[in-house]
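# Coordinate analysis (summary)
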Amino acid sequence: MADDTPLVSWKSPPLSTSRVGITLETYILEGMMGHPAATGAFTSLLNQVGLAAKLITSKVRRAGLANVLGYTGQTNVQGEEVQKLDEVANETLIQALGRRSHCAAIASEEVDEIVLLQKDPRAPYVMVFDPLDGSSNIDVNISIGTIFGILRRHEHEHVATEQDFLLPGKDLLAAGYVLYGSSTLLVLTTGAKSGVHGFTYDPTVGEFFLSHESIRIPDKGKTYSINEGNCALWTEPVRRWNAWIKEEDKTTGRPYGQRYVGSLVADAHRTLLKGGIFAYPSDTKSPDGKLRLLYEANPFAFVFEAAGGKATTGTDRILDIVPQKLHQRTPLVLGSSRDVDVFEQFMRGER
Ligand code: FDP
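So, a few notes on the structure that sits alongside this text. Please read these numbers as outputs of a predicted model, since none were measured by experiment. (Residues numbered from 1 in each chain as written. Predicted model: local features only at pLDDT ≥ 70, side-chain atom pairs only at ≥ 80, totals over all residues. Heavy atoms only, no water.)

### Some points on the layout of surface pockets
The calculated volume of the largest pocket comes to roughly 520 Å³. Taken together, the residues of the lining of the largest pocket sort by class into 11 nonpolar, seven polar and three charged. (1 Å grid on protein atoms, 1.4 Å probe; cavity = no way out; pocket = protein on both sides within 12 Å on 5 of 7 lines; lining within 4 Å. Points joined across faces, edges and corners; volume = space filled by probe spheres on them. Nonpolar A, V, L, I, M, F, W, Y, C, P; charged D, E, K, R; others polar.)

Structure follows, in structure tokens:
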């Protein structure tokens, strides 16, 4: 009798919904295919952000060498004036975005005024970015990053103006950051519905691959992140919160550990993955806070909320603030929802 048992038993792998391993371009393209009315403009813009991230990575990775060769904003060995890395990153982004017709203008932490990229008033988007955040850390080989956000223009009678940028963070269409750390990681979100995803750069093939799918920040963490050297400058509620988080109490997991890199991208990224709280409150030296609303606070607030976390000034939701000017500063508190809630309770005097 013939034996029907196959020599090698083969079972199809379980159907997986995980997309880990797909490239950033595929991810962006799939996003567009989910919107039948999409023109491709947004897709193209996100792809240009990916391209700029690759170009800046290659420059950041050579920064130490460049330093040795004198490429530090002074004169290089050929006697030429050379640019600082944050200026290089700024120009790289402007050039990458200017090559397509979709980004009407940009506002950058590096530039006083907006930079117009398109004369066509129909150009649909504007972009905000901090091209190289934490730049005081470049010289000491510590992680730095690029932060970005994309807004839709509402008026197409004229070319873009500053007014196109003065929108609350809740109006962002997309936001994210690129962390130049032990590897380069691009974290992107178009909001809570699509989730927050991280793409790790493989320099050997020149592609970003989805490595951190659907990032969710834990409800509560074990670390706090603040420049404790500013303690004498803080307000009384911040000091009381700081003392509380260092007290011993097993039921609430205190004392929390302290972590502070001094590069927002690095501190915020760690907080996003591990949970806990990052705070740069207002103090007597910086009564309005130190960090910039448009380039730093809003993109991170958008990412944290999309990942299930919170972002506040201590009293108000960051994403609700209507900016009055481009380079406006704000106090910023980001983190796990329960940890941010406690911070706000201290600010309201409830603890
Ligand atoms: P940097 O001054 O090095 O550019 O926004 C700028 C920023 O860094 C953030 O990246 C960082 O979180 C913060 O300032 C650090 O400020 P302190 O040195 O005052 O702690």
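### Describing the site of the ligand
Taken together, 13 residues lie around the ligand, and Asp133, Ser136, Tyr260, Tyr280 and Glu296 are the ones closest in. In this structure, an oxygen atom belonging to the ligand sits 3.4 Å away from a main-chain N or O atom of Gly134. The separation between an oxygen atom of the ligand and a polar side-chain atom of Tyr260 is 2.5 Å. For the ligand, the protein covers 80% of the area, taking 460 Å² as the surface of the free molecule. For the shell around the ligand, the class distribution of residues is four nonpolar, six polar and three charged. (Near = heavy atom within 4 Å. Polar contact = N/O pair within 3.5 Å; in protein donor to acceptor, adjacent residues only side chain to side chain. Areas by Shrake-Rupley, 256 points an atom, 1.4 Å probe, with all protein chains shown as cover.)

### So, unusual backbone geometry
A cis geometry characterises the amide bond from Arg254 onward to Pro255, with omega recorded as 5°. Phi at Asn141 takes a positive value of approximately 60°, unusual for a residue other than glycine. Structurally, Asn141 is set in the loop between β3 (125–133) and β4 (144–152). (Helix = DSSP H or I, 4+ residues; strand = E, 2+ residues; numbered from the N terminus.)

### What about the environment of Ala89?
Looking at the element boundaries, Ala89 is found in helix α4 (residues 85–98). The class for Ala89 is buried, based on a relative accessible area of 2%. When the C-alpha positions of Ala89 and Thr57 are compared, they lie 9.2 Å apart, and in sequence the two are 32 residues distant. Sequence-distant contacts of Ala89, defined by excluding residues within four places in its chain, comprise Ile56, Pro131 and Leu132. (Buried < 20%, exposed > 50% of the residue type's maximum accessible area, 1.4 Å probe, protein only. Contact = heavy atoms within 4.5 Å.)

### Focus: empty space enclosed by the protein
All told, the structure shown has two cavities of 30 Å³ or more when counted by the stated rule. In this structure, the largest cavity spans a volume of roughly 40 Å³. In this structure, the largest cavity is lined by Val128, Leu151, Phe165, Leu167, Gly169, Leu172, Leu294 and Asn298. The residue inventory of the lining of the largest cavity, partitioned by class, reads six nonpolar, two polar and no charged. Counted as a void, the second largest cavity has a volume near 30 Å³. Taken together, Val49, Ala52, Ala53, Ile56, Leu93, Thr146, Phe148, Val178 and Tyr180 form the lining of the second largest cavity. Put simply, the parts of the chain that give the lining of the second largest cavity at least two residues each are α2 (41–61), β4 and β5 (174–180). Looking at which element gives the most residues to the lining of the second largest cavity, the answer is α2, with four residues. Residues that form the lining of the second largest cavity fall into these classes: eight nonpolar, one polar and no charged.

### So, the sheet that holds strand β11 (residues 277–280)
The pairing of strands in a sheet happens through backbone hydrogen bonds and is either parallel or antiparallel. The strand order across the open sheet built from five strands is β10-β9-β11-β15-β13, with neighbouring strands paired in mixed fashion. What marks the edges here is a single partner per strand, and that holds for β10 (257–258) and β13 (310–312). For β11 and strand β15 (residues 332–335), the ladder comprises four bridges, and the chain directions are antiparallel. Residue pairing in the sheet places Ile277 in a bridge with Gly335 of β15. (Pairing = 2+ DSSP bridges.)

### Quick word on the packing of aromatic side chains
Given two aromatic rings, their pairing is described by the distance between the two centres and the angle made by the two planes. Under the definition given, this model contains eight aromatic pairs. Taking 6.1 Å as the distance between ring centres and 90° as the angle between the ring planes, the aromatic pair formed by Tyr224 and Trp241 counts as edge-to-face. Taken together, the residues span a long stretch of sequence, with Tyr224 in strand β9 (residues 223–225) and Trp241 in helix α5 (residues 236–245) at a distance of 17 residues. Accessibility classification places Tyr224 together with Trp241 in one group, the buried group. One aromatic cluster in this structure is built from Tyr177, Phe300 and Phe304. (Phe/Tyr/Trp six-rings, centres within 6.5 Å; stacked < 30°, edge-to-face > 60°.)

### Describing helix α8 (residues 337–347)
The element α8 is extensively covered by neighbouring structure, given that eight of its 11 residues are classed as buried. Buried within α8 we find Ser337, Asp339, Val340, Val342, Phe343, Glu344, Phe346 and Met347. In this structure, the buried side of α8 is in contact with α5, β11, β13 and β15. Gly349 lies just past α8 and shows a positive phi near 80°.

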